[in-house]
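# Working through the structure, step by step
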Amino acid sequence: MMQHVKILRKEIETPTVFSLYFHWDVKVEPGQFVMVWVPGYSEVPMSLSSTGKEKCLTVKMYGDTTKALNSLKEGDIIQLRGPYGKPFTRVKGKTLLVGGGSGMASMRPLINEESTGIVAARGQDELLFADDFSKGNAICVTEDGSRGIKGIITAGFENLDLKSFSMIYICGPERMLYAVFKMLHGKTENVEFSLERSMKCGIGLCDSCSVDGFQICKEGPTFSISEVEKMGEFGKTRLDRSGKRVFF
Ligand code: FES
């Protein structure tokens, strides 16, 4: 059922990413998603970047709905349904959170004093939530070298002992996920990816989100590395909103 929430405040995170904070008295686990609707625009799936009493949507501007969300201000209403999908598996001990672009948004609720982050972006202006990690626990990677290591996200893993982490969580553009998958494959099993696909119903009815027989909205959006390994389309193709297969 669609629910209305009132925006408490908006924060600018990067030149292309902003956050909308609101109260919503619904239990949401990190990694689950909600369907967000602005009247007149397509409904879109989004993970929450804060899942406590005060909740938050962190939005990257890339389409009409996200631009419409950007035009909202304090006191305006957004419409949500959910939460849906399988959350990240919660573990005790050290965790590694790997986020490219706006990917760190869905993992932000998992950040604690035992978390290390690999936060990657094109340049320092686009690094998201790197400063939410405890001092010294964020490894920044930028393509232009403007902060931290110069390179792509896989460069952030150098010097890390993968086995020291109870779980490695990864979210970001699929080409990036694929590069990380290839690097981690065969090295450690405790890895979960958050996948993104075009979603229409969000509840397992329309099949717009399926990847090799896995429905992202119901069986995901979080998947273990052994599940991702079974997806031949992973990192290669996806369906666009009209159902046409496109390459990453
Ligand atoms: S979004 Fe409809 S089946 Fe997944």
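Residues numbered from 1 in each chain as written. Predicted model: local features only at pLDDT ≥ 70, side-chain atom pairs only at ≥ 80, totals over all residues. Heavy atoms only, no water.

Moving on, we get to the pairing of strand S7 (residues 95–100). With six of six residues buried, S7 is to be regarded as a mostly interior element. In S7, alternate side chains face the same way, and those of Thr-95, Leu-97 and Gly-99 on one face and Leu-96, Val-98 and Gly-100 on the other are all buried. Inspection of the sheet shows S7 paired to strand S8 (residues 115–121) by six bridges, in the parallel sense. Paired with Gly-100 across the two strands is Ala-120, which belongs to S8. Relative to strand S11 (residues 167–171), S7 is paired through five bridges, and the arrangement is parallel. (Buried < 20%, exposed > 50% of the residue type's maximum accessible area, 1.4 Å probe, protein only. Helix = DSSP H or I, 4+ residues; strand = E, 2+ residues; numbered from the N terminus. Pairing = 2+ DSSP bridges.)

Strand order in the closed barrel formed by six strands is S1-S2-S5-S4-S3-S6, with antiparallel pairing between adjacent strands. Sheet twist, expressed as the mean angle between neighbouring strand axes with direction ignored, is 45 degrees. Sheet topology note: the strand S4 (residues 44–51)/strand S5 (residues 54–60) ladder contains three bridges and is antiparallel. For Ser-50, the partnering residue across the bridge sits in S5 and is Cys-56. (Axes fitted to C-alpha atoms, helices over the stretch in contact; angles between N-to-C directions.)

Turning our attention to the domain arrangement of the protein. When its domains are assigned, the protein resolves into domain 1 (3–83) and domain 2 (95–247). One C-alpha centre belongs to domain 1, the other to domain 2, and the line joining them spans 20 Å. Taken residue by residue, the interface counts 23 residues in domain 1 and 20 residues in domain 2. Where domain 1 abuts domain 2, roughly 1600 Å² becomes buried across the two surfaces, and 59% of that area is made up of carbon and sulfur atoms. For the pair domain 1 and domain 2, the number of links is five residue pairs in polar contact (both at pLDDT 80 or more). Listing elements by their share of the side of domain 1 that touches domain 2, those giving two or more residues are strand S1 (3–14), strand S2 (17–23), strand S3 (33–37), S4 and S5. (Domains from an automatic or database assignment. Contact = heavy atoms within 4.5 Å. Buried area = accessible area lost by both parts, 1.4 Å probe. Polar contact = N/O pair within 3.5 Å; in protein donor to acceptor, adjacent residues only side chain to side chain.)

For the rest of this paragraph, the subject is the environment of Lys-187. Inspection of the secondary structure puts Lys-187 in the loop between helix H3 (174–184) and strand S12 (191–194). Overall, Lys-187 belongs to the partly exposed group, its relative accessible area being 46%. In this structure the C-alpha to C-alpha distance between Lys-187 and Phe-22, which are 165 residues apart in sequence, comes to 40 Å. Ignoring any residue separated from it by four or fewer positions in sequence, one finds Lys-187 in contact with Leu-162 and Lys-163.

Moving on: the environment of Lys-60. Assignment of secondary structure puts Lys-60 in strand S5. Sequence separation between Lys-60 and Lys-182 is 122 residues; the distance between their C-alpha atoms is 26 Å. Discounting chain neighbours no more than four positions away, the residues touching Lys-60 are Thr-16, Val-17, Thr-66, Ser-102 and Glu-126. At 3.1 Å, the side chain of Lys-60 and the side chain of Thr-16 are in polar contact.

Taken as a whole and judged by the stated rule, the model has eight aromatic pairs. Taken together, a centroid distance of 5.8 Å and an interplanar angle of 55 degrees make the contact between Phe-33 and Tyr-84 tilted. Here Phe-33 is found in strand S3, whereas its partner Tyr-84 is found in strand S6 (residues 77–84), with 51 residues between them in sequence. Assigned by exposure class, Phe-33 and Tyr-84 land together as buried. Note on Tyr-178 and Phe-181: the rings are 6.3 Å apart at their centroids and 15 degrees apart in plane angle, and the pair reads as stacked. With Tyr-178 and Phe-181 both in helix H3 and three residues apart, this pair spans about one turn of that helix. Judged by relative accessible area, Phe-181 falls into the buried class, the value being 10%. (Phe/Tyr/Trp six-rings, centres within 6.5 Å; stacked < 30°, edge-to-face > 60°.)

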